[in-house]
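Structural description and commentary
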Amino acid sequence: MTRVLFATSEVYPLVKTGGLADVSASLPQALCDLGCDVQILMPGYPAALETAAAAGSYRKSLRIGEYEVKLWQTRLTGTEVRLWLVDCPSLFDRPGNPYKNEKGLDWEDNAQRFALFCRVGALMAAGDAGLDWQPDLVHCNDWQTGLLPVFLDSCSHRPRTLFTIHNLAYQGLFSQQTFRSLGLSESLWRWDRLEFHGNLCFMKGGLVFSDRITTVSPGYAREIQTLEFGNGLDGVLRHRRERLTGILNGIDADVWNPEHDPELAFNYRRDQKWNKARCKASLQEELGLAVNNGPLLGFVGRLAEQKGLDWLTSVMPGLLERGCQFALLGSGESRYEEPLRQMSLHWPGQMSLTLGFDEGLAHRITAGADIFLMPSRFEPCGLNQMYSLRYGTVPVVHAVGGLADTVSDPDQSGIDRANGFRFSKADDQALLAALNRALDCFGNPPCWRRLQDNGMSADYSWKQSARSYFDLYQSMLRAHQWPG
């Protein structure tokens, strides 16, 4: 049985700021189903520790520099997966967002917080934490775990290391002074190691020191090797391209299942879709929208430039004038929140804006909308488009990353294989043209039903993706290759 330590900074439902939390909840269980012994390592945030104290057990106390650390062990709710929590109150016992304070600014000691997290992971991985379990392989996720392969590099009998890029735009950049305060070897302050344009880069540690690198879609794996999408690290990724693989994320098909979803007023399936219309009417009533059969467009996500909010806010007034309705859920930058708030006031009954995040409402928008909007400038994988496809809600997406890998357009694939609409040019007029094509199809019920059926009949679960990770793990363990 392959033993895997899965290091991540968030796991749903304990803490979630984005898709990483969903992946960290679903992939380990899918790997366990294939016969792996996967154990998750996560920082001990307050809500997670409350769960551990109620259902788990305290296992070990460690002293790492100036910090007293306790390791708590429990199980991820409803799964076979063990969960280890790094309990260090001075670093992790904070309310709200795991990375930012109440003003939306990064915690000033994020480097110290996640460096300690990585040191604990390295001790566990090397068998030096005094536990009765040691992994064969460490699977690291995003910049918060980027130093873990670095700390393991000098270990003579270290496990294999895999680093997954979920979003290359977030790199964990800190000053040279911070680098020195972490007690890192001066030999690491080099352009081909951790130094990145005069800064310490946690992400680069994972890219340089891991045995293999994955990212969350084949399309994104290609894109991040280019100047446009590489965020300055494209050269490193091209250098290691033989060790880079794109594996499309899956979704939790039990949580996201319109036939049994408890968040919905009415359940439905592909061959019995009439309750989807009732979900739409229920959502319209819930959000104060006029209950009618016109097109309802949904959006769930961060209100940020990456998500194409400038393009979306540009085209929305004209679509509202034409009678379209919008249901938006998310929070983010004030430059987008305020115009959207003004639109909701100007078009009552047509435009709903809910700031913040509500998991139940996210499910109801996904089920109740006719069209799901994902005009992202870049999107490593995207999960919402797969949720919407499973729920028979036709996505309109920018053809980048995982969106291009999962959404097929009638103009390219033909109506018999299509499941949504795509646009390639990065501007608002290209988005509007795709939306116009979607609205034309919406007015043609046989065309629309075919798109819905195609989307709902595909398998978006972790089954195939987990098998790809499992096969990669086995090849790494057979090869015993070191970074090159």
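Computed from a predicted structure; not experimentally measured. Every chain is numbered independently, its residues counted from 1 as its sequence is written. With pLDDT at 70 or above as the cut-off, local features in this predicted model cover only qualifying residues; side-chain atom pairs require 80 or more to be listed or tallied, and sums for whole chains, interfaces and linings still use all residues. As a convention, hydrogens and water are excluded, and side-chain values are obtained from all of the structure's heavy atoms.

1. A few points about the packing of helix α11 (residues 309-321) against helix α17 (residues 428-442)
Contact geometry for α11 and α17: axes closest at 9 Å, N-to-C directions at 45°. With respect to their mutual orientation, α11 and α17 come out oblique. Seen from above, α11 lies across α17 with right-handed handedness. In this structure, α11 contributes Trp311, Leu312, Ser314, Val315 and Leu319 to the contact, and α17 contributes Asp428, Leu431, Leu432, Leu435 and Leu439. Only Asp, Glu, Lys and Arg are considered charged in this grouping, and only Ala, Val, Leu, Ile, Met, Phe, Trp, Tyr, Cys and Pro are considered nonpolar; every other residue, Gly among them, is considered polar. Taken together, the residues that form the contact of α11 with α17 break down as eight nonpolar, one polar and one charged. Axes here refer to lines fitted to C-alpha atoms; in helices the fit is confined to the stretch in contact. Angles between the N-to-C directions go from 0 to 180 degrees. Only DSSP runs of H or I with at least four residues qualify as helices, and only runs of E with at least two residues qualify as strands; both kinds are numbered from the N terminus onward. Our angle categories are set so that under 35 degrees counts as roughly parallel, over 145 as roughly antiparallel, 65 to 115 as roughly perpendicular, and the remainder as oblique. Left-handed describes a crossing whose near helix is turned anticlockwise from the far helix through less than a right angle; right-handed describes the clockwise counterpart. Residues are treated as being in contact if the distance between any of their heavy atoms lies within 4.5 Å.

2. Structural notes on the pattern of salt bridges
Take a side-chain nitrogen of Lys or Arg and a carboxyl oxygen of Asp or Glu: if they are within 4 Å of each other, that pair is a salt bridge. For the structure shown, the criterion picks out 27 salt bridges. Asp211 is the partner of Arg158 in a salt bridge, and the nearest nitrogen-oxygen pair spans 3.0 Å. Residue Arg158 is located in the loop between α5 (148-152) and β7 (160-165), and its partner Asp211 is located in the loop between α7 (202-209) and β11 (212-215); the two are separated by 53 residues in the primary sequence. Working definition: with a 1.4 Å probe on protein chains only, accessible area under 20% of the residue-type maximum means buried, over 50% means exposed, and in between means partly exposed. For Arg158, a relative accessible area of 4% gives the class buried. Residue Asp271 is joined to Arg269 by a salt bridge in which the shortest nitrogen-to-oxygen separation is 2.6 Å. Among the charged side chains, a network of salt bridges with common partners joins Lys16, Asp22 and Glu359.

3. Looking at the packing of helix α10 (residues 274-287) against helix α13 (residues 359-368)
One way to put it is that α10 packs onto α13 with a least axis distance of 8 Å and a crossing angle of 130°. One finds that α10 runs oblique with respect to α13. The way α10 lies across α13 gives a crossing that is left-handed. Facing α10, whose interface residues are Lys276, Cys279, Lys280, Leu283, Glu286 and Leu287, α13 presents Leu361, Arg364, Ile365, Thr366, Ala367 and Gly368.

4. Considering the pairing of strand β14 (residues 325-330)
With six of its six residues buried, β14 lies for the most part within the structure. Here β14 shows no split at all, with Gln325, Ala327 and Leu329 on one side and Phe326, Leu328 and Gly330 on the other all buried. Pairs of strands are assigned from DSSP output, requiring at least two bridges between the strands. Relative to β14, strand β13 (residues 296-300) is paired through five bridges, and the arrangement is parallel. Across the sheet, the residue bridging to Phe299 is Leu328, located in β14. Considered for its hand, the β-α-β crossover made up of β13, α11 and β14 is right-handed. Here β14 runs beside strand β15 (residues 351-355); their pairing, made up of five bridges, is parallel. Among the inter-strand pairings, Ala327 is bridged to a residue of β15, identified as Ser352. Whether a crossover is right-handed depends on one test, that the path from the first strand over the helix to the second runs clockwise when the strands point away from the viewer. Taken together, β14, helix α12 (residues 334-346) and β15 constitute a β-α-β crossover, and its handedness is right-handed.

5. Quick notes on the nonpolar core
Only buried Ala, Val, Leu, Ile, Met, Phe, Trp, Tyr and Cys residues count toward a nonpolar core, and they belong to the same one when joined by side-chain atoms within 4.5 Å. Counting residues in hydrophobic clusters, the biggest one holds 114 residues, and the most contacted among them are Ile165, Phe202 and Leu207. For this core, the element with the most residues is helix α4 (residues 110-126), which contributes eleven residues. Core analysis: the second largest hydrophobic core is formed by 37 residues, Leu312, Leu431, Ala434 and Phe442 among them.

6. Things to note about the state of the cysteines
Disulfide: a pair of cysteine sulfur atoms within 2.5 Å of each other. This structure, assessed with the given rule, holds one disulfide. Bridging Cys441 to Cys447, the disulfide has an S-S length of 2.1 Å. Its S-S torsion of approximately -100° makes the covalent link between Cys441 and Cys447 left-handed. Like Cys441, the residue Cys447 is buried in the burial classification. Left without a disulfide partner, Cys36 is nearest to the cysteine sulfur of Cys32, which lies 7.2 Å away. As a non-bridged cysteine, Cys201 has Cys118 as the owner of its nearest cysteine sulfur, 13 Å distant.

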